[in-house]
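Residue strings, one per chain:
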Amino acid sequence: MQKKIMRKAVGIFSVLMMTTIVSACSPEVGSEEWCADLKEKPKGDWTANEAADFTKHCIF
C-alpha cells in the first residue's frame, strides 16, 4: 500500500516538474523574442490567441 502511494506521489511530482520546465522555456508573450519566434512560424499554424497577441504586442 505504501509503495502505491509513493509511486503516485513521485508520478505527480514528475509531471509537475516537467510542466514547469517546459513552460519556463517559452518566451513571455509580447517580448521581442516571442514576436521574432512567431514571425518565423507559418501564419497558418498560429492560434487565434497568438494572432491577437501578436497584433496587440508586436504591431501596435
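Residues numbered from 1 in each chain as written. Predicted model: local features only at pLDDT ≥ 70, side-chain atom pairs only at ≥ 80, totals over all residues. Heavy atoms only, no water.

Student: Account for the packing of helix α2 (residues 32-40) against helix α3 (residues 48-59), naming residues and giving values.
Tutor: One way to put it is that α2 packs onto α3 with a least axis distance of 11 Å and a crossing angle of 130 degrees. Here α2 lies oblique to α3, going by the angle between them. As α2 runs across α3, the sense of the crossing is left-handed. Touching Trp34, Cys35, Leu38 and Lys39 of α2 are Glu50, Asp53, Phe54 and Cys58, all from α3. Among the residues forming the contact of α2 with α3, the class breakdown is five nonpolar, no polar and three charged. (Axes fitted to C-alpha atoms, helices over the stretch in contact; angles between N-to-C directions. Helix = DSSP H or I, 4+ residues; strand = E, 2+ residues; numbered from the N terminus. Parallel < 35°, antiparallel > 145°, perpendicular 65-115°, else oblique. Left-handed = near helix turned anticlockwise from the far one by under 90°. Contact = heavy atoms within 4.5 Å. Nonpolar A, V, L, I, M, F, W, Y, C, P; charged D, E, K, R; others polar.)

Student: Talk me through the packing of aromatic side chains; I want residue IDs and the actual numbers.
Tutor: By convention here, two paired aromatic rings are described through the distance between centres and the angle between planes. Per the counting criterion, the structure on display carries one aromatic pair. Ring geometry for tryptophan 46 against phenylalanine 54: centres 4.9 Å apart, planes inclined by 55 degrees, an arrangement best described as tilted. Looking at phenylalanine 54, the relative accessible area reads 11%, which means it is buried. (Phe/Tyr/Trp six-rings, centres within 6.5 Å; stacked < 30°, edge-to-face > 60°. Buried < 20%, exposed > 50% of the residue type's maximum accessible area, 1.4 Å probe, protein only.)

Student: Tell me about the nonpolar core, and please be specific about residues and values.
Tutor: Counting residues in each nonpolar core, the largest one holds five residues, listed as Trp34, Cys35, Leu38, Trp46 and Phe54. When residues in this core are grouped by element, the largest group, three residues, is from α2. What leucine 38 contacts, discounting residues up to four positions off in sequence, is Trp46, Glu50 and Phe54. (Core = buried A, V, L, I, M, F, W, Y, C linked by side-chain atoms within 4.5 Å.)

Nothing here speaks to function; it is all geometry.
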